[in-house]
Amino acid sequence: MPFTIQKTDAEWQAILQAKGAEAVAYQVTRHAATERPFTGKYEAHRGDGSYHCICCDAKLFDADTKFNAHCGWPSFSQAVPGSISEITDRSLGMARVETVCAQCGAHLGHVFDDGPAPTGLRYCMNSASLNYTPT
Ligand SMILES: [Zn+2]
C-alpha cells in the first residue's frame, strides 16, 4: 500500500524513541499490536485540543469527538477527513475494519459502527498510536 511517508523499522524505532513514545508504540503502530485495555494514557484523558499520529504527526482527531465508550481504549466518533485509511481485517475469525494513518500507515486501532450519533462510528484507538496536543 503506498503511503506518503515510508521508513524502515529501524527508522521508526528511532523516531518513536526520540519522541519519548510509550514502549509498546512501535509494536502497536508498525506491527498492529493492541495495548491492554484500560492501560493507555489517553483512555480517560480529557481536554481541548487534538490527537495526532505518534509516528508522523498527522492530525487524526479533534478532542471534542472523543467520548467514553467504556471499552478500555480511547474512542472517537469522527476522524479528521482523509486522515485515516480503512483496511478489512479478517484476523481473529471475524471481519473488522482496521484503521491506519493515511500518511504513514501506522496501525491505530479499529472502527466499529456502534458509536454515538450523528456518525454512528466508534474509532477504538490505541493510546500508544496517538500524541495529544492541547490547544
Ligand atoms: Zn502517521
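A. A look at the overall build of the protein. When its secondary structure is counted, the protein shows two helices and nine strands. A compact globule built from 135 residues would reach a C-alpha radius of gyration of about 14 Å, and the protein, at 14 Å, matches this within 12%. Principal-axis analysis of the C-alpha atoms places the extent of the protein at approximately 40 × 35 × 30 Å. Here the protein holds 135 residues, and 47% of them are scored as buried. Considering only intrachain contacts with a sequence separation of at least 6, the fraction spanning at least 24 residues in the protein is 54%. Here the protein has roughly 7,000 Å² of accessible surface; of this, 51% comes from carbon and sulfur atoms.

B. Region of interest: the pattern of salt bridges. Under the counting rule described, the total for this entry stands at four salt bridges. Between Asp 57 and Lys 19 there is a salt bridge whose closest N-O contact spans 3.1 Å. Of this pair, Asp 57 sits in the loop between β1 (49–53) and β2 (59–62) while Lys 19 is found in the loop between α1 (9–18) and α2 (25–31), placing the two residues 38 residues apart along the sequence. Here Asp 62 makes a salt bridge to Lys 59, at a shortest N to O gap of 2.8 Å. The exposure class of Asp 62 is partly exposed, given its relative accessible area of 31%. Classification of Lys 59 as partly exposed rests on a relative accessible area of 36%.

Criteria and thresholds
- Residues numbered from 1 in each chain as written.
- Predicted model: local features only at pLDDT ≥ 70, side-chain atom pairs only at ≥ 80, totals over all residues.
- Heavy atoms only, no water.
- Helix = DSSP H or I, 4+ residues; strand = E, 2+ residues; numbered from the N terminus.
- Rg over C-alpha atoms; globule rule 2.2 N^0.38 Å.
- Buried < 20%, exposed > 50% of the residue type's maximum accessible area, 1.4 Å probe, protein only.
- Contact = heavy atoms within 4.5 Å.
- Areas by Shrake-Rupley, 256 points an atom, 1.4 Å probe, with all protein chains shown as cover.
- Salt bridge = Lys/Arg side-chain N within 4 Å of Asp/Glu carboxyl O.

Remember that the coordinates give geometry; whether it matters functionally is a separate question.
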